[in-house]
Amino acid sequence: MEKTFSLRTNSHDQMVDITPKIQHWLLEQKINNGIVIVSSMHTTAGITVNENADPDVKTDFLRRLDEVYPWEHTKDLHMEGNTAAHLKTSTVGHAQMIILSKGRLMLGTWQGIYFCEFDGPRNRSYHVKVIEG
Amino acid sequence: MEKTFSLRTNSHDQMVDITPKIQHWLLEQKINNGIVIVSSMHTTAGITVNENADPDVKTDFLRRLDEVYPWEHTKDLHMEGNTAAHLKTSTVGHAQMIILSKGRLMLGTWQGIYFCEFDGPRNRSYHVKVIEG
Amino acid sequence: MEKTFSLRTNSHDQMVDITPKIQHWLLEQKINNGIVIVSSMHTTAGITVNENADPDVKTDFLRRLDEVYPWEHTKDLHMEGNTAAHLKTSTVGHAQMIILSKGRLMLGTWQGIYFCEFDGPRNRSYHVKVIEG
């Protein structure tokens, strides 16, 4: 069972909570146990699991990452100028896996799945697959 | 096959080697081949695979991460004040997967699985699942 | 289905594109659907998925990581002196998973799988496993 999802990001750096979309699709698959893999199809956008309650976490998160990997860097060679976005993607990861147990994602109370845009706004896609077991 | 493990951390930042507990549980499951997913149920504590020999690596690791993501930051908005812990968690990852081959975890000689506390001390839990295959 | 691959790195820091080797091996396995796990067997070398087009991205990537985690650090205790390599490994991750769909790796146009050497040159190995499903 697998599906490609599309989304449109609307900022340069943005964390989009994709948990509800994935949960909704999982319900339709009627799979009780296994693992779910969520994978970005891009090299300047990744996936992470982090806080879903206070939206300030996202603001702090993106600003702090930007301080660690500043957009402008005098030594960067890559002509597209988005080296920082490549680093942020490998730091959070291009993909994440979540355990599926008795029909529900084994996420803690405050955990959500985020699509992390680091070079937007753009049309993006991510692929979700379930392995039963 | 899956199990939730609990632990009590006793420092603000701490790497706890959970390899023996996972290996012991795996032996009881009598599964020879597959993958093992180890997932933190928190947004301020993650999982990583790293050196299990010299304990100084853990000390250096946590101090260096704290320099990259300092606890105090004048621009942070998140009222809980633990933005740094959220960043550290996404940097190491909320979960890791390890290959299971002929009944043993495919870890290199120096690799151990660590529960990484970034906002302790606290009561914590992580979930472990095996997919046969 | 699983296999251990060996490689010789030839720089201190190096990103080696291992996508072709993995794809070639996968073709021989004749598995259509599942997930592929690629895991470094070391604590100072990791795996990441990132840009496979402009080689400047690799140069920028490694230099930027070295700025975030400098090799020399007055406070480091670890006597081997490679604490930075341990941090880089946990930052990119010791392992990555890629979805396998209809016989091909579900990678975006610009995504490649990299073995990331952070303390070379050395003889290294990584383990690849496919779970069908």
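Structure's up top.
Residues numbered from 1 in each chain as written. Chains lettered and ligands numbered in written order. Predicted model: local features only at pLDDT ≥ 70, side-chain atom pairs only at ≥ 80, totals over all residues. Heavy atoms only, no water.

Caption draft 1: The arrangement of the interface of chain B and chain A in detail. Contact with chain B, which involves 33 residues of that partner, is made by 34 residues of chain A. Of the roughly 2,700 Å² buried between chain B and chain A, counting both surfaces, carbon and sulfur atoms make up 60%. It is Met41(B), Ser90(B) and His94(B) in chain B that bury the most area against chain A; as a group they hold 21% of the surface buried on that side. Taken together, the connections running from chain B to chain A amount to two salt bridges. Asp76(B) is the partner of Arg63(A) in a salt bridge, and the nearest nitrogen-oxygen pair spans 3.1 Å. The interface formed by chain B and chain A contains 18 residue pairs in polar contact (both at pLDDT 80 or more). The set of elements that each furnish at least two residues to the side of chain B that touches chain A consists of strand S1 (2-8), strand S3 (34-40), helix H3 (83-92), strand S5 (95-101) and strand S8 (123-132) of chain B. In terms of residues, the side of chain B that touches chain A owes the most to one element, H3(B), which gives six residues. (Contact = heavy atoms within 4.5 Å. Buried area = accessible area lost by both parts, 1.4 Å probe. Salt bridge = Lys/Arg side-chain N within 4 Å of Asp/Glu carboxyl O. Polar contact = N/O pair within 3.5 Å; in protein donor to acceptor, adjacent residues only side chain to side chain. Helix = DSSP H or I, 4+ residues; strand = E, 2+ residues; numbered from the N terminus.)

Caption draft 2: Quick peek at helix H2 (residues 56-68) of chain B. In this model, H2(B) (13 residues) spans 18 Å end to end at C-alpha, consistent with the 18 Å of a helix rising 1.5 Å per residue. Buried residues along H2(B) sit in contact with helix H2 (56-68) of chain A, strand S2 (14-17), strand S4 (45-51) and H3 of chain B together with helix H2 (56-68) and helix H3 (83-92) of chain C. (Expected span 1.5 Å × (residues − 1).)

Caption draft 3: Region of the structure containing the relation of the copies chain B and chain A. Expressed as a screw transformation, the operator carrying chain B onto chain A has a rotation angle of 120° and an axial translation of 0.0 Å, and the superposed copies differ by an RMSD of 0.0 Å. Those values place the two copies in the arrangement expected of a three-fold rotation axis. Minimal C-alpha distance to the rotation axis in chain B is attained by Thr91(B), lying at 3.1 Å. When the interface residues of chain B are mapped onto chain A, a mere 18% of them are again interface residues, pointing to distinct binding faces. (Least-squares fit on C-alpha atoms with pLDDT ≥ 70 in both.)

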